[in-house]
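Examining the three-dimensional arrangement
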Amino acid sequence: MKRPNGLVIAIDGPAGAGKSTVAKLVAKRLGYLYVDTGAMYRAVALKALRLGMDIGDPVTMAMLAQATDIQLLSQPDGSVRVMLDGEDVTEAIRTPEVSEAASIVSAHEGVREALVAEQRVLAESGGVVMEGRDVQTVVAPDAEVKVFLTASLEERARRRWQELRQRGTEIPYEQVLQELRERDERDQQRAIAPLRKAPDAVEIDTTHLSPEAVVEQIVALAQRCQHLSAKD
């Protein structure tokens, strides 16, 4: 399948596996649009928390997702600003509280239907690097390049702990470890679009790899795909 703007590169994996860092770098290398699908669920979760809504109510959350305007605005440096109903919430959606809420909100079928529809529109023409938890299995199962990033739980917790500290959030490492363990369980066992590796995805264990080393592997996969496509 040839798309006008290039390939769709789908990168999935659990929290802390390095998806965001790697996806941004790959998008920058290839001149593609970077799409953080998880940020969209975080934005809905943030709005629900601000409004004091019951994030466990699937009907209410589905209605909220449908009535919410979320935009991902590309920046010259390859990063993306997340706009929620016209407000820049790029930093606000990265708190531990929003992370936990997003994991619950994203399990609701109606929420996923609303946001997946928007994500598929973004992927239609190609030229995108999309990262999340169900991109290679649900959002873009026809993606030309599918990658599943993983890492040990301890390493993922260490990365998330360091990230939070850099943002000024002091939280015990053991708490981060436990929260990641619980989130993995929710993501993998949810009935709708659980976190899993697509049969035709390439799995990369990032535990002992630098982001740059992972980027090189993914760019090589993309270049190989482009080469094969050009021969058809």
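Scroll up for the structure.
One structure accompanies this document, and this report is about it. (Residues numbered from 1 in each chain as written. Predicted model: local features only at pLDDT ≥ 70, side-chain atom pairs only at ≥ 80, totals over all residues. Heavy atoms only, no water.)

Notes on the sheet that holds strand β7 (residues 145-150)
The condition that has to hold: By this definition, two strands are paired if DSSP reports at least two bridges between them. Each helix is a run of H or I in the DSSP string that is no shorter than four residues. Each strand is a run of E no shorter than two, and both are numbered from the N terminus. Every axis corresponds to a line fitted to the C-alpha atoms, with the helix fit spanning only the stretch in contact, and the corresponding angles, defined between N-to-C directions, vary from 0 to 180 degrees.
Reading across the sheet, the five strands line up as β2-β6-β1-β7-β8 and stay open at both edges, with parallel pairing between neighbours. At either margin of the open sheet sits one strand with a lone partner, and together these are β2 (33-36) and β8 (202-205). With direction set aside, neighbouring strand axes in the sheet form an average angle of 20°. Two elements, β7 and β8, share four bridges in a ladder whose sense is parallel. Bridged to Phe 148 within β8 is Glu 203.

Describing helix α8 (residues 173-189)
Owing to its 3.6 residues per turn, the α-helix aligns residues three or four sequence positions apart on the same side. Filter applied, for reference: Take the number of residues in a helix, subtract one, and multiply by 1.5 Å to get its expected span. Classification of residues uses two cut-offs on accessible area relative to the type maximum, computed with a 1.4 Å probe and protein chains only: under 20% is buried, over 50% is exposed, and between them is partly exposed. Along the arc lie the directions from the helix axis toward the C-beta atoms. Here, two residues are considered to be in contact whenever any of their heavy atoms come within 4.5 Å of each other.
End to end, α8 covers 24 Å across 17 residues, agreeing with the expected 24 Å (1.5 Å per residue, within 8%). Those residues of α8 not exposed but buried are Val 176, Leu 177, Leu 180, Arg 183, Asp 184 and Asp 187. Viewed along the axis of α8, the buried residues span an arc of 130°, placing them on a single side of the element. Turned more than 90 degrees from where α8 packs its buried face, Glu 174 and Gln 189 sit exposed. Each element contacted by the buried residues of α8 is listed here: α2 (37-51), α4 (96-105) and α7 (153-166).

Quick look at the packing of α2 against helix α3 (residues 58-66)
We count it as follows: Our angle categories are set so that under 35 degrees counts as roughly parallel, over 145 as roughly antiparallel, 65 to 115 as roughly perpendicular, and the remainder as oblique. Put simply, a crossing is left-handed when the front helix is turned counterclockwise from the back one by less than a right angle, and right-handed when it is turned clockwise. Under the grouping applied here, Gly and all other residues not named as nonpolar or charged are polar, the nonpolar ones being Ala, Val, Leu, Ile, Met, Phe, Trp, Tyr, Cys and Pro and the charged ones Asp, Glu, Lys and Arg.
Relative orientation of the contacting elements α2 and α3 amounts to 115°, with a least axis distance of 10 Å. In terms of axis orientation, α2 runs roughly perpendicular to α3. Viewed along their axes, α2 and α3 form a crossing whose handedness is right-handed. Together, Val 44, Lys 47, Ala 48 and Leu 51 of α2 and Met 61, Leu 64 and Ala 65 of α3 make up the contact between the two elements. Class assignment for the residues of the contact of α2 with α3 results in six nonpolar, no polar and one charged.

Some thoughts on the packing of aromatic side chains
Rules: Two aromatic rings from Phe, Tyr or Trp, using only the six-membered ring of Trp, form a pair when their centres are within 6.5 Å; if the ring planes differ by under 30 degrees the pair is stacked, by over 60 it is edge-to-face, and anything between is tilted.
What the rule picks out here adds up to one aromatic pair. Ring geometry for Trp 161 against Tyr 173: centres 6.4 Å apart, planes inclined by 85°, an arrangement best described as edge-to-face. Note that Trp 161 is positioned in helix α7 and Tyr 173 in helix α8, a separation of twelve residues in sequence.

Some details on the pattern of salt bridges
The following threshold applies: The working definition used for a salt bridge is a side-chain nitrogen of Lys or Arg within 4 Å of a carboxyl oxygen of Asp or Glu.
By the definition in use, this model includes 20 salt bridges. Measuring nitrogen to oxygen at the nearest pair gives 3.3 Å for the salt bridge that ties Arg 160 to Glu 163. Separated by three residues within a single helix, Arg 160 and Glu 163 lie in helix α7, roughly one turn from each other. We note a salt bridge from Glu 170 to Arg 165, for which the minimum N-O separation is 3.6 Å. Assessed through its relative accessible area of 60%, Glu 170 is described here as exposed. The partly exposed category is assigned to Arg 165, whose relative accessible area is 41%. The network of salt bridges with common partners includes Arg 133, Arg 183, Asp 187 and Arg 190.

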